[in-house]
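# Summary of the model geometry
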Amino acid sequence: MRRRHSLRFRVALAFAALGAALSLLFALGIWYATHDVSRRLMDETLEAELSDYMARRARNPDSQPPATTSLTGYLIRPEAIPPGLPAEVAQLPPGRHEIVIAGTPHRVAVAARGGERYLLLFDETRQQLREERFLVWLIAGAALMTLLATIGGLWLAGRVIAPVTELARAVSGADPADPPRLADAGDPGDEIDELARAFDRYLARLAAFVERERSFAADASHELRTPLTAIRGAAEVLADDPALAPAQATRVARITRAAEEMGELITTLLMLAREESTPAETSCDAARIVTDSVERHRAQAAARNIRIDLEIGAVPELAAPPAFLAIVAANLIHNAIAHTRDGHVRIALGDGELVVADSGQGIPPGDIARVFERHYRGAESAGAGIGLALVRRICERTGWQVALESDPARGTTARVRFPAA
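Because the structure is predicted, anything quoted here is derived from the model rather than measured. (Residues numbered from 1 in each chain as written. Predicted model: local features only at pLDDT ≥ 70, side-chain atom pairs only at ≥ 80, totals over all residues. Heavy atoms only, no water.)

Quick look at the overall build of the protein chain now. Per the secondary structure count, the protein chain includes eight helices and nine strands. Taken across its 421 residues, the protein chain has 32% of its residues classed as buried. Within the protein chain, residue pairs in contact and separated by at least 24 positions form 61% of the contacts whose partners lie at least 6 positions apart. (Helix = DSSP H or I, 4+ residues; strand = E, 2+ residues; numbered from the N terminus. Buried < 20%, exposed > 50% of the residue type's maximum accessible area, 1.4 Å probe, protein only. Contact = heavy atoms within 4.5 Å.)

See the structure below:
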């Protein structure tokens, strides 16, 4: 995704670009006008000097052509060519000419009268040097104007987007349960006020939604815990009955354990539904949770002729609710069994990670990037597309890292990396 710059930077950049464009345009216009005036002045100077020399020549045939630092004149008679006349100008027709003599640019004026030709050469070296210095000053002025436009753009951009910045700060720090009032209650203002009113309407709808979700979570927690409490109470009464057979006592103990796990699961799901983070003081016995999850799935694996290999190594210390790890392990083990045919599933806990590897058909490369999306189901999946999405939510909440590696020849391996204690 292309990185976007801040609004202030873009406004300042627009000011800088406008300042640079206008400065360059004015600099080019001034330089062109100056260059044109310079050419006109040279032509007028040549015309005046040439007319003056021709007038002096008419009064005194012995008058000499002009000879200064910049001007050099020549008189060409039919019977003789004056000494030092450059060959480049000897055959020039009457008029104005631009020519280079020995690497030096000259402006040349040629006139003819009475069979004689008058030439006047203007050395443009000093004039070009002045124009080059003037061009440097113009460039420096354009750069200064661009810099000033940039600084002014930054300052103006800060003033312009200040209301937007304040609005963003108010929205980012808003409590969903108590949204702030962003727009003034007075007369309608500018676009910023309209944006603030739009945010107010959105925050009001968001607050109503959050309140409905909070009420639903509280009601669901109460309504689900009530029957679970009744089930646990009934199971405790049955467990105290001395007339129970050993097989019946085992079933009652299983009911009690299932009710307790259901209570923990409800607590975990409600915790995921809240905005608050997980309490840091919670911890869980990772080895017991993973072992219990494997034992609960052994009957499912045996029905599909699948062997489960469990390896418990260095047990990591996890600061997370036990039900979080139970949900993650149960979903990964269930998926591994569901996608394995007459093979084995390897589960390893240790070295700061939980590994669940199956020997199934693997995941197509086009699906592996989407398997954690909610309700996404692959071609071979028979589930609802919720389990792996729930695993990712839990990992994001707890700071764990989950990743899948798949190979059609070896199956799929899921790794959950735990942060260091």
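So, about the sheet that holds strand 8 (residues 401–407). One key point about sheets: their strands pair by backbone hydrogen bonds, in either a parallel or an antiparallel sense. An order of 5-6-7-9-8 is seen for the five strands of this open sheet, with the pairing classed as mixed. The open sheet has two free edges, formed respectively by strand 5 (307–312) and strand 8, since each of these has just one partner strand. Each strand of the sheet is rotated relative to its neighbour by a mean of 10 degrees, with strand direction disregarded. Bridge count between strand 8 and strand 9 (residues 411–417): seven bridges; the pairing is antiparallel. Within strand 9, the position partnered with serine 406 by the bridge is threonine 412. (Pairing = 2+ DSSP bridges. Axes fitted to C-alpha atoms, helices over the stretch in contact; angles between N-to-C directions.)

Here the focus is the packing of aromatic side chains. A full pass over the atoms with the stated rule returns two aromatic pairs. Here the aromatic rings of tyrosine 53 and tyrosine 118 are separated by 5.6 Å at their centres, their planes lie at 75 degrees, and the arrangement is edge-to-face. Of this pair, tyrosine 53 sits in helix 1 (residues 7–59) while tyrosine 118 sits in strand 4 (residues 116–123), and the two are 65 residues apart along the sequence. Take tyrosine 53 and tyrosine 118: they sit in the same class, and that class is buried. Relative to phenylalanine 418, the ring of tryptophan 400 has its centre 5.1 Å away and its plane inclined at 85 degrees; by these criteria the two rings are edge-to-face. Residue tryptophan 400 is found in the loop between helix 8 (387–398) and strand 8, and its partner phenylalanine 418 is found in the segment after strand 9; the two are separated by 18 residues along the sequence. The exposure class of phenylalanine 418 is buried, given its relative accessible area of 7%. (Phe/Tyr/Trp six-rings, centres within 6.5 Å; stacked < 30°, edge-to-face > 60°.)

By themselves, these figures tell us nothing about what the structure is for.
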